[in-house]
Amino acid sequence: MAVLDRTRTPVAPSAAPGRAAGGLGTGLALAALATVVWSGSFVTSRALHDSVPPVQHAFWRWIVAIVALAPFGIRAAWRERALMRRHLGYVTLAALLGVTVYNTLVNQAGLTTSAGNMGMIMAASPVLMALYERLGGARLGARRVTGTLLACAGVVLLVSKGSPTPDFAPGDLWVVAAAVCFGSYSALLRRRPQEIGGVAFLFATFVLGALMLLPAYGVSLAVQGGFEARPGTVGPLLYVGVVSSAVAFFAWNKAIALVGAARAGAVYYLQPVCVALLSYAVLGEATGWAQLLCMGLILGGVVLASAARRPGGTR
């Protein structure tokens, strides 16, 4: 992890073509890794909906993540503690959006909607990421805009099942709120102070996010009681804590630094495809031909929106 942290500076616009291409490939690969890993989180949220209360699920996820990252994160955060104090407002906002609220909303959604629906609706967050970049003055280019719209159309068709009046479950609306949080968090990452290292930033947001969840966790314990610690609950919590949190968040944050939120967001459109396949394999949720057709639209849009700039052309 220490080696990865030394590469935290994004590729400069004036970098040599070979280096820029390498940064693009690495960034897209890291975004894809995070997306595939996070797809499993929606399946675990749905699988644990009747055994682990949503807030307790989120709290223990981040406790596991803190323990997993501690051997690297404590030393890095202590070394950069003065920087953390200087940028405390920024780090706290990132922790609130990406740690405290986002995953708690996803877990809440898992009570009343399918894992497939969660993945499909969450795939709308890249639209917000691209909008934030455009408002920040970035030029997205015709190819990226077209690819984003194509992938978004596939998501809309998946969620609506082709109906002009889709029937949303309460959980679907919780996921919409989660998508707004995640899109805002991803856009915020682009403004991360360059002097703060990736591991230190990640560890600080995990700790602050868990602390902000602590009051809600106490209320959940008092009202709902605890959950039974057995392989069927501990195993998924270890997965989301170690793999979906420590590994995937580091990969995603690094991808944002390398290729930006809009392009990483285009890769994020792969999520409904991954979630549909995982939910079918693990939970038995059906995937029909119409869904496969929409997934084709999503994949085509991802390829188009994440393609590298051609010399003298548009993105």
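Scroll up for the structure.
Since the structure is predicted, the reported quantities are computational estimates derived from the model, not experimental observations.

### Thoughts on the packing of helix α5 (residues 88-109) against helix α10 (residues 198-224)
Next up, step 1: Two elements in contact, α5 and α10, have axes separated by 8 Å at closest approach and are oriented at 60°. Taken together, the axes of α5 and α10 lie oblique to each other. Remark: the crossing between α5 and α10 carries right-handed chirality. Here Leu-88, Tyr-90, Val-91, Thr-92, Ala-94, Ala-95, Leu-96, Val-99, Thr-100 and Thr-104 of α5 come into contact with α10, specifically with Phe-201, Ala-204, Thr-205, Phe-206, Leu-208, Gly-209, Ala-210, Met-212 and Leu-213.
Next up, step 2: Class assignment for the residues of the contact of α5 with α10 results in 14 nonpolar, 5 polar and no charged.

### Digging into the packing of aromatic side chains
Two numbers describe a pair of aromatic rings. These are the distance of the centres and the angle of the planes.
Next up, step 1: Under the counting rule described, the total for this entry stands at 13 aromatic pairs.
Next up, step 2: With centroids separated by 5.5 Å and ring planes inclined at 40°, the aromatic side chains of Phe-182 and Trp-252 adopt a geometry described as tilted. A residue pair is termed long-range when its members are at least 10 positions apart, and Phe-182 in helix α9 (residues 170-189) and Trp-252 in helix α11 (residues 231-259) qualify at 70 residues.
Next up, step 3: Against the face of Trp-62 rests Arg-61, its NZ or CZ located 5.0 Å from the ring centre.
Next up, step 4: The ring of Trp-78 has Arg-81 lying over it, and the distance from NZ or CZ to the ring centre is 4.0 Å.

Rules used in this analysis
Residues numbered from 1 in each chain as written. Predicted model: local features only at pLDDT ≥ 70, side-chain atom pairs only at ≥ 80, totals over all residues. Heavy atoms only, no water. Axes fitted to C-alpha atoms, helices over the stretch in contact; angles between N-to-C directions. Helix = DSSP H or I, 4+ residues; strand = E, 2+ residues; numbered from the N terminus. Parallel < 35°, antiparallel > 145°, perpendicular 65-115°, else oblique. Left-handed = near helix turned anticlockwise from the far one by under 90°. Contact = heavy atoms within 4.5 Å. Nonpolar A, V, L, I, M, F, W, Y, C, P; charged D, E, K, R; others polar. Phe/Tyr/Trp six-rings, centres within 6.5 Å; stacked < 30°, edge-to-face > 60°. Lys NZ or Arg CZ within 6 Å of the ring centre and 35° of its normal.

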